[in-house]
There are 2 protein chains.
Amino acid sequence: MEEKQYLMLPGPTPVPSGVLRALARPMINHRGPEFKALLEEVTDGLKKVFRTQNQVIIFPSAGTGAMEAAVANCVSPGDKVLVVSIGVFGERFAEIARRFGAQVEKLDFAWGTAADPAALAGVIKEDKNQEIKAVFVTHNETSTGVTNDVQGLRAALGDHPALFVVDAVSGLGAMELETDAWNLDVVVAGSQKSFMIPPGLSFLCLSPRAWEAAARCTNSRYYWDVEAARKMAEKGQTPYTPALPQISALAESLKMIEAEGLENIFARHRRLRDMVRQGARALGLELLARDEVASSAVTAILSPAGIGADTIRRVLREKFNVVVAGGQRQLQNKIFRIGHLGYVQDLDVIAALAALEMALACCGYKVELGQGVRAAQSVALAGVGEGGG
Amino acid sequence: MEEKQYLMLPGPTPVPSGVLRALARPMINHRGPEFKALLEEVTDGLKKVFRTQNQVIIFPSAGTGAMEAAVANCVSPGDKVLVVSIGVFGERFAEIARRFGAQVEKLDFAWGTAADPAALAGVIKEDKNQEIKAVFVTHNETSTGVTNDVQGLRAALGDHPALFVVDAVSGLGAMELETDAWNLDVVVAGSQKSFMIPPGLSFLCLSPRAWEAAARCTNSRYYWDVEAARKMAEKGQTPYTPALPQISALAESLKMIEAEGLENIFARHRRLRDMVRQGARALGLELLARDEVASSAVTAILSPAGIGADTIRRVLREKFNVVVAGGQRQLQNKIFRIGHLGYVQDLDVIAALAALEMALACCGYKVELGQGVRAAQSVALAGVGEGGG
């Protein structure tokens, strides 16, 4: 039969049918009144998810585009910046900053662990001349399945004037992030994660301090020019042609997000996380991240001794139509990552765990069929009382 | 979140995304060359599934429409007919025949059992004056999850001249049925079952003997007039406006059916049946049909003592978004029926069983979570070697 996949990636995530249908709407004039209304609608909806009063800019780009926009608008060549890195996406922010001429200082933590706010406070304390112009942190590190304590990291900055820049691409909308209440200067997000729409859009939100920095920033930019985007937004337009299908889809998905409610969405993601973790543990598998820092969006599982993670992934895909992510860089073939964010419900995770059990059995790993499922069911049943399912 | 259902009904069944997209094609002139090509394409594809060289007629109707067409074209008022009934859809054929003036004789078998060819042979033997003009049988009785031995029943007729009419609405394409090789005179099917398209079309296939009977038949008919349909089909048209979206969808689904191959499709359905049955048994549940006559399309499961089947169904739907069918007539609230035909794969059945376990637990039934899943996984794993999944 035609491929019928259980897409369990940390993005792109499954897209609801109503959102897929919105992709196929007829084209409209992106300089006309229909687009103006659409842009205002989705911008208002995005602000609610970002928990901000600030403007949110929409780029036709991958999430990495908004990361680049954050750097190109807020960091000038020669600026010293501090990148707090706990994995691949922390490294990416550092690399982008280097390419744009910044002096990059790194604060690294072992992959699979979270950043320690006290360590950040220590580095900040050392910066007596306030040379650090920006601190970059990752909200949810997709490569390891670890969520940072963004609020605590921001607090560690104290009243140091550096901009606080957050890559929230894979976490925003799946777990708590308070742009305004936590005093975050720049927040970056992407479309193909908890927003339940296909890849193709990135979102960028700047605080008043970040807007001031952008006005002073000397880095080259045209595509990523936030000031141009802000001015055009006043007219209900974008500086260049927007990705219309994804924006139509976003209007639909934002309605679904509003209907479910952010708190309920966060609770669902926590439950899905716990189902995956309890299920994996019941199979004797080891998890990369500790419970305290475990992501609600994606879970990294170590492959058992003697079995490559990529072999498990291949069997999952070829035999059971379940698609999970692999490990990156030093974690390649050592972990596989089950995404459980966006348009995912309890039974999807249970089916994926059942497939994992069968795939492990195919790979010669001793597994008692049904035991991972059983553990996940127990978590799901506990959630039924609180409106889960 | 938006309803994300596991639709486990014996129709309508889930529809593949490519087929759903075909529903949305622009309208075409049903008297133009595009429709002519489309009608020829789907008719050829249907013949392969019916395993026939006969013409297959497509009605814009429910499956019941083609049942009525079978009667209206092949049975005249006053004709004696024999209806072999093993459930609701056998009863329906009898009722349609009565409404069209036939003298209906019944050969009934207990619901949950199959028709006995020897019993049919006995009735036929008694009909020394060959008064019976048609024998009606059900291929797959949707209400009980029982599949009849259609080949054996046809053989029981011997050289008695009665037309042999088969309601194959829920079975054709999911399990063996050989229209020509088994010498079946009339075969009726519907779109929303193994054809993986939405409801809205029925299919009717007549043998040369059935066409002759139709030419002599005195019953009133306009909509169901097969001769009008045959004549118009020669021009690549239909007597009245066809249901264009479903016909476009059918063209897509027939390609998928051809790509998977009928034998592989039958094997998949048998595996899904065995998964459901082994899973249910592992939970201590009783099955309505014996293994020997168990349908590959739908399985009827008795609800445990003290728990109404409709309560289980409600919990499945409300708490876990799994939709299964209930019992009809005397089986109401006593059984629930899990459909496993059409666009369904192993993990869908496993997820439904996991949900059933949780729903039973919610209803106070003592269930060891994961045990039904485990039994189904064992069946699925055995099927992996033969290309399952």
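The structure displayed is predicted, hence computed values, not measured ones.

How each quantity is defined
Residues numbered from 1 in each chain as written. Chains lettered and ligands numbered in written order. Predicted model: local features only at pLDDT ≥ 70, side-chain atom pairs only at ≥ 80, totals over all residues. Heavy atoms only, no water. Helix = DSSP H or I, 4+ residues; strand = E, 2+ residues; numbered from the N terminus. Buried < 20%, exposed > 50% of the residue type's maximum accessible area, 1.4 Å probe, protein only. Areas by Shrake-Rupley, 256 points an atom, 1.4 Å probe, with all protein chains shown as cover. Lys, Arg positive; Asp, Glu negative; His and termini not counted. Charge placed at Lys NZ, Arg CZ, Asp CG, Glu CD. Domains from an automatic or database assignment. Buried area = accessible area lost by both parts, 1.4 Å probe. Salt bridge = Lys/Arg side-chain N within 4 Å of Asp/Glu carboxyl O. Polar contact = N/O pair within 3.5 Å; in protein donor to acceptor, adjacent residues only side chain to side chain. Contact = heavy atoms within 4.5 Å. pLDDT = per-residue confidence, 0-100. Axes fitted to C-alpha atoms, helices over the stretch in contact; angles between N-to-C directions. Parallel < 35°, antiparallel > 145°, perpendicular 65-115°, else oblique. Left-handed = near helix turned anticlockwise from the far one by under 90°. Nonpolar A, V, L, I, M, F, W, Y, C, P; charged D, E, K, R; others polar.

### Observations concerning the overall build of chain A
Of the regular secondary structure elements, chain A holds 13 helices and 14 strands. Along the longest, intermediate and shortest principal axes, the C-alpha atoms of chain A span 60 × 55 × 35 Å. In chain A, which comprises 389 residues, the proportion classed as buried is 63%. Of the roughly 14300 Å² of accessible surface on chain A, a fraction of 49% belongs to carbon and sulfur atoms. The distance from the centre of the 41 positive side-chain charges to the centre of the 43 negative ones in chain A is 3 Å.

### Some words on the domain arrangement of chain A
A common measure of how large an interface is: the accessible area buried when the components associate. Residue and element names in this part refer to chain A. Here the domain parsing of chain A yields domain 1 (17-258) and domain 2 (261-384). For domain 1 versus domain 2, the separation of C-alpha centres amounts to 28 Å. Taken over both partners, the interface formed by domain 1 and domain 2 buries close to 2000 Å², and the fraction arising from carbon and sulfur atoms is 63%. For the pair domain 1 and domain 2, the interface holds one salt bridge. Close ionic contact of Arg270 with Glu176 constitutes a salt bridge, the shortest N to O distance being 3.4 Å. There are seven residue pairs in polar contact (both at pLDDT 80 or more) connecting domain 1 and domain 2. Contributing elements (two or more residues each) for the side of domain 1 that touches domain 2: helix H2 (33-50), helix H4 (88-99), strand E7 (146-147) and helix H9 (244-260).

### With respect to the interface of chain A and chain B
Across the boundary between the two partners, chain A contributes 43 residues, which contact 43 residues of chain B. With both sides pooled, the region where chain A packs onto chain B buries about 3600 Å², and carbon together with sulfur makes up 61% of that total. For the pair chain A and chain B, the number of links is 20 residue pairs in polar contact (both at pLDDT 80 or more). For the side of chain A that touches chain B, the secondary-structure elements that each account for two or more residues are helix H1 (17-23), H9, helix H11 (309-320), helix H12 (346-362) and helix H13 (371-384) of chain A. Considering every element that reaches the side of chain A that touches chain B, the biggest residue donor is H12 of chain A, with 10 residues.

### Some remarks on the confidence of the model for chain A
Across chain A, the average pLDDT comes to 96, with 98% of residues at or above 70. Reported for the predicted complex are a pTM of 0.91 and an ipTM of 0.86.

### Some words on the environment of Ala189 of chain A
All names here are of chain A. Within the secondary structure, Ala189 is located in strand E9 (residues 186-190). The class for Ala189 is buried, based on a relative accessible area of 0%. Each C-alpha atom, one on Ala189 and one on Cys205, is 8.7 Å from the other, the two residues being 16 residues apart in sequence. Beyond its immediate chain neighbours, meaning those up to four positions away, Ala189 contacts Phe50, Ala66, Ala168, Val169, Leu172, Phe195, Ser202 and Phe203.

### Observations regarding the packing of helix H10 (residues 262-282) of chain A against H13 of chain A
Residue and element names in this part refer to chain A. Running from N to C, H10 and H13 cross one another at 150°; their axes reach a closest spacing of 7 Å. The angle between the axes of H10 and H13 places the two elements in the roughly antiparallel class. Relative to H13, H10 is oriented so that their crossing is right-handed. Facing H10, whose interface residues are Arg271, Asp274, Met275, Gln278, Gly279 and Ala282, H13 presents Gln371, Gly372, Ala375, Ala376, Val379, Ala380 and Gly383. Here the contact of H10 with H13 is built from residues that sort into six nonpolar, five polar and two charged.

### Considering the pattern of salt bridges
Summed over the entire model, instances satisfying the criterion amount to 52 salt bridges over all chains. One salt bridge connects Glu105 of chain A with Lys80 of chain A, and the closest N-O pair in it is separated by 3.4 Å. Of this pair, Glu105 of chain A sits in strand E4 (residues 103-108) while Lys80 of chain A sits in strand E3 (residues 80-85), and the two are 25 residues apart along the sequence. Across the pair Glu131 of chain B and Lys80 of chain B runs a salt bridge whose closest N-O atoms are separated by 3.6 Å. Note that Glu131 of chain B is positioned in the loop between helix H5 (117-126) and strand E5 (132-138) and Lys80 of chain B in strand E3 (residues 80-85), a separation of 51 residues in sequence. One salt-bridge network, in which partners are shared between bridges, spans Arg25, Glu252 and Lys255 of chain A.

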